[in-house]
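Each chain, written out:
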Amino acid sequence: MAPVLLGLVAVFFLGMGLLGLAAPKRLIRPFGISLESATARTEVRAVYGGFGVAVAVLLGFAAFDVGGIQRGVAIAVAVALAGMAFGRLVARFAERPERFYPSWLYFWVEIVLAALLILATLAP
């Protein structure tokens, strides 16, 4: 069960990462952010692209429990996702995003993915 849950989350991060590397403007467009400079696109490629692919690879190794890392990786990525969701909650009180998409959709995506990873740590 744990490998499947880790794999599902890895697929999400891989998709985000590859899109961030290949099409940073497309990835960030729903948030209303303009990426007019190479520096801005580089930042999205690094933070969403490179980071997303790295987390996907790490979750892939964790799915097969390479080196006994499964539980630690699952908890670390779950905490990171929960931290992202927490940031969206802070935004709720600071500036109140106007629409459900994209901010609140991703809030729930982050909560669900974090829960799947916590479930993975409990699976036999």
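How each quantity is defined
Residues numbered from 1 in each chain as written. Predicted model: local features only at pLDDT ≥ 70, side-chain atom pairs only at ≥ 80, totals over all residues. Heavy atoms only, no water. Core = buried A, V, L, I, M, F, W, Y, C linked by side-chain atoms within 4.5 Å. Buried < 20%, exposed > 50% of the residue type's maximum accessible area, 1.4 Å probe, protein only. Helix = DSSP H or I, 4+ residues; strand = E, 2+ residues; numbered from the N terminus. Contact = heavy atoms within 4.5 Å. Salt bridge = Lys/Arg side-chain N within 4 Å of Asp/Glu carboxyl O. UniProt positions renumbered as here; feature names shortened; annotations may be inferred.

A. Representation of the nonpolar core. One finds Leu6, Val9, Phe13, Leu59, Val77, Leu81 and Leu117 to be the most contacted residues of the largest nonpolar core, which totals 27 residues. When residues of this core are traced back to their parent elements, those giving at least two are α1 (2–22), α2 (24–28), α3 (38–63), α4 (70–94) and α5 (100–122). Leave out the neighbours within four places in its chain, and Val77 touches Phe13, Val55, Leu59 and Leu117.

B. The pattern of salt bridges, seen in detail. What the rule picks out here adds up to two salt bridges. Its salt-bridge partner being Glu110, residue Arg88 comes within 2.9 Å of it at the nearest N-O pair. With a gap of 22 residues between them, Arg88 in helix α4 and Glu110 in helix α5 connect regions that are remote in the sequence. Classification of Arg88 by relative accessible area gives buried; the value is 19%. Here Glu98 ties to Arg99 by a salt bridge, and the two come within 4.0 Å at their closest N and O atoms.

C. Region of the structure containing the UniProt feature "transmembrane region" (unreviewed entry) in the chain. When the UniProt feature table is mapped onto this chain numbering, "transmembrane region" (unreviewed entry) sits at residues 46–66, 73–91 and 103–123. As a span, residues 46–66 carries 86% helix and 0% strand, and end to end its C-alpha atoms are 26 Å apart. Secondary structure across residues 103–123 divides into 95% helix and 0% strand, with the first and last C-alpha atoms of the span separated by 30 Å.

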